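Here is how the chains run, residue by residue.
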Amino acid sequence: MAQWKLMTQILQFLPDETVNNLYPPASFPIEVRHYIADWIEIQRWEDFTVENNELESQARVLLDQTISMLQSIAQQTPSVVERMKLNQCSRNMEEFQQQPLRFVVMVKDILREERTLLIANNFPQYQSRDMEDLDLLIPKVLEIQETRKRMHQKQEERNWQMQIGENLQVNFQQNGLDTTKAEIQKLQKHIQSLEFDIKAMTVRCTGLLKECVDCLDHSQAGFLIRLKKWRCDQQRSAIGHPFDNNLIPLQTWCEQLLGLNGNLRQELMLIGISDLQERLQHLLRALIESSLVFEKQPPQVIKTQSKFSATVRCLLGEKIAFGKPVMLKAQIINEQQARNLYTSHSDNVGDLINNSAILEHNTATKSTCAFFRNMSIKKIKRADRKGSESVTEEKFALLFSTELTITGCDTPYKIQIISLPVVVTVHGSQDNNALATIIWDCAFSEQDRVPFVVPDRVTWSSMFNTLNMKFTSEVRTKHNLDPYNQHFLAQKIFDKPDFGGDFSNMMVSWAQFNKDALPGRSFTFWQWFEGVMELTKKHLEPYWSEGLIFGFIGKQHLNVILKDRPNGTFLLRFSDSEIGGITIAYVSATENGGQRVQNIQPFTKRDLEIRGLGNRICDIDHITHLYPDYLKHEVFKKFYSAEPPPACGGYIPVSLQTKVGMDATPQPPNTQAVGENSPNMFPFDAFQQFNQQEIQLDLVNSPAQSVFNETMSPDDMTCEDFPFFDNLNL
């Protein structure tokens, strides 16, 4: 229990997300770790791997003991809440009965992660040796080699002296000389001394070898933990999590582990010690089977009949025996096949073309990679869907496999690696919903899960952290969503516009995220949020990064903060009524001298492609000060574009300006005749005047009206160039 006692000292300082990842609530909650801590820490979890089916019966014994102890503790617990919780934990663990090895490996990884956290928090007894272990290991291996050489010399000398002794013994038996007897006695003492030295060297070598294997095991465990974290970070990079994709340190570490393993196996064979051979073989297999990584993952949303790429890297580098080309092959598998990867053969569920590549060693970068540059899914076979599940919720994966021969090993090793989950689409319109599936998977899946299980509900705090990371990474900004944004987003997804309390621990379901449409809307929460994110990424990043956009805010809160502000005060907020829109909310005067807050019709991606936000703000005279009290021309001046150049070729220049409300009504056109042969002839006789009425309701969109800001030939103009005019007289 010593390790758990130390963990309890740092748990209170860890983020909730870290604790939940360490102790998955659905499979191994923190209560299990707490109640049976003593028993957990004395079991031999390190002996197990998922692939070692020979130990499945032992793994099942540990699983059954865990369930039994939890049930026993629950019966003795006076607290009803704790009793119910423990009983639920034991029921959840029964799901591992079909795959007990996954359970014991999960516990092994939890204990390793605990040690990593203790190391990071400066507990001396858990200071990591990891790579430093190898620095200590190398001189020990050299000492073993030198000792073995000296021992061999002494063995040869002993054998020679024994041969001399046998000859002297024959002479003594024949002659019976006292001098011969004295020589024999002296020689026997020398042989005894040599045998003593040989025995001492054997003990020394045996001890050093045991230390070296322990040291190698510890260092390799650290390597596997670090590699697992690298893979986890790679997965979470899909939602904007920081990720260092540098594989050089891991490859160096892996190559050193492999080299030292070979040296130790050689020494064991030369010295004649067999009891450590099996352990080293187990370490070797575990290392080789973990050596494949995705330097570049396949895209997680793949459209059929379209090309995509992936890069698989082998961390063993030059240690691979390249006697013949090493071929990697890829196939697509479904969720059920991913779950039975180690127990049954997986048949293809789709046609994958250009699905093979050769491992190539680059001497410049010292990397060994297989490049899949032009893969494509020709067709896909989908499983029967459950209930209302859509095709964009069905997850597949790409399985890459090969057979490696390592220098110094005669037996080839069959190894494979599975990609992150992918969603296969057939049309670009499915991309948005497919991306939602991937984000939920990358953000909320637990480590060592059964593929590709995800929770149906998560806390709002976890959900918001994911949205914030995704938003800032996509927009490429350091300006985070603030608490006001967080509260409004919670109000929207939970449909509680009047709730002013804390949403943090409320549970968000997958259906609320991207299955059910928002109340009164035809789109889901994710579709709306992704639209805002895309608009900001393409057209609003500098405004957002400088804090000029308030962002996500409800109309009720809007009224509160703009209340009693001077007329002309405005702020920029994302539209909550349509996908991918930004609107200007401003304070204006009413006819009776009062004030009201108006919202200009949202500007969409298409609007901002025609005329940027800065120029539109400049055009609107009604707005003068950015909330709370910044002159708009001071903060937005740098975003104003220069006036268009004069028209050329004799054409009349045309400019676009944003007008709001009654100002948007155009003036009667100039009907002065233009000579038929004039170079300035315009092909329209006149524009039919049209009327637009200003909507006099608070918080109701007022239409914005525009005219083009570009120079064009009259011959090039068509009605499509003026979609905002209802009628044209041609």
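It should be noted that the structure appears before, not after, this text.
So, how was this worked out
Sequence order sets the numbering: in each chain, residues are counted from 1 along the sequence as written. Only residues with pLDDT of 70 or above have their local features reported here, since the model is predicted, and side-chain atom pairs are shown and tallied only from 80 upward, although totals for entire chains, interfaces and linings are computed over all residues. Values shown for side chains rest on all heavy atoms present in the structure; no hydrogens or waters enter the calculation. Runs of E in the DSSP output that reach at least two residues are strands. Runs of H or I that reach at least four are helices, and both are numbered from the N terminus. Remark: exposure states derive from per-residue accessible area (1.4 Å probe, protein chains only) relative to the maximum for the residue type, with buried under 20%, exposed over 50%, and partly exposed in between. The contact criterion used throughout is that any non-hydrogen atoms of two residues lie within 4.5 Å. Only the protein chains shown count as cover for residues, and all accessible areas are computed by the Shrake-Rupley method using a 1.4 Å probe. In this scheme Phe, Tyr and Trp rings, the latter by its six-membered ring, pair at centre separations within 6.5 Å, and the angle between planes marks the pair as stacked below 30 degrees, edge-to-face above 60, and tilted otherwise. Throughout this description, the term charge over a ring refers to an Arg CZ or Lys NZ atom that lies within 6 Å of the ring centre and within 35 degrees of the ring normal. At least two DSSP bridges between two strands are required for those strands to pair.

### A look at the overall build of the protein chain
Move 1: When its secondary structure is counted, the protein chain shows 21 helices and 22 strands.
Move 2: Expressed as a percentage of its 730 residues, the buried residues of the protein chain come to 45%.
Move 3: Summarising the internal contacts of the protein chain: among those between residues at least 6 apart in sequence, 69% fall at separations of at least 24.
Move 4: Carbon and sulfur atoms provide 49% of the accessible area of the protein chain, an area that totals close to 37600 Å².

### Focus: the environment of Asp384
Move 1: Relative to the elements of secondary structure, Asp384 occurs in the loop between strand E8 (367-380) and strand E9 (396-404).
Move 2: Look at Asp384 and you get exposed, because its relative accessible area is 77%.
Move 3: For the pair Asp384 and Glu394, spaced ten residues apart in sequence, the C-alpha to C-alpha distance is 9.8 Å.

### So, the side chain of Glu394
Move 1: Looking at the element boundaries, Glu394 is found in the loop between E8 and E9.
Move 2: What makes Glu394 buried here is its relative accessible area of 7%.
Move 3: Residue contacts for Glu394: discarding those within four places in its chain leaves Arg382, Ala383, Val422 and Val423.

### Section: the packing of aromatic side chains
Move 1: In this structure the tally under the stated criterion is 34 aromatic pairs.
Move 2: Taking 5.6 Å as the distance between ring centres and 75° as the angle between the ring planes, the aromatic pair formed by Trp440 and Trp510 counts as edge-to-face. Pair noted here: Trp440 is in helix H13 (residues 431-444) and Trp510 is in helix H16 (residues 510-514), with a separation of 70 residues, a long-range link.
Move 3: Classification of Trp440 by relative accessible area gives buried; the value is 3%.
Move 4: Residue classification places Trp510 among the buried positions, given a relative accessible area of 10%.
Move 5: Ring centres of Phe636 and Phe639 lie 6.4 Å apart, and the angle between their planes is 55°; on these two criteria the pair is classed as tilted.
Move 6: For Phe636, a relative accessible area of 0% corresponds to the buried category.
Move 7: Residue classification places Phe639 among the buried positions, given a relative accessible area of 17%.
Move 8: Here Lys492 stacks its cationic end above the ring of Trp528, 4.7 Å away from the centre of that ring.
Move 9: Its guanidinium or amino end placed over the ring of Phe499, Lys496 lies 5.7 Å from that ring's centre, counting from NZ or CZ.

### Some thoughts on the pairing of E8
Move 1: Bridge analysis of strand E3 (residues 307-314) against E8 gives seven bridges, and the strand direction is antiparallel. Residue pairing for E8: Phe308 is matched across the bridge by Met375.
Move 2: When strand E5 (residues 350-353) meets E8, the two strands line up antiparallel, connected through four bridges. Within E8, the position partnered with Leu352 by the bridge is Ile377.
Move 3: Sheet topology places strand E7 (residues 360-362) next to E8; three bridges connect them, and they run antiparallel. Opposite Glu360, over in E8, you have Cys369 as the bridge partner.
Move 4: Hairpin remark: E7 followed by E8, antiparallel, with four residues in the connecting loop; positive phi at Lys366, about 60°.

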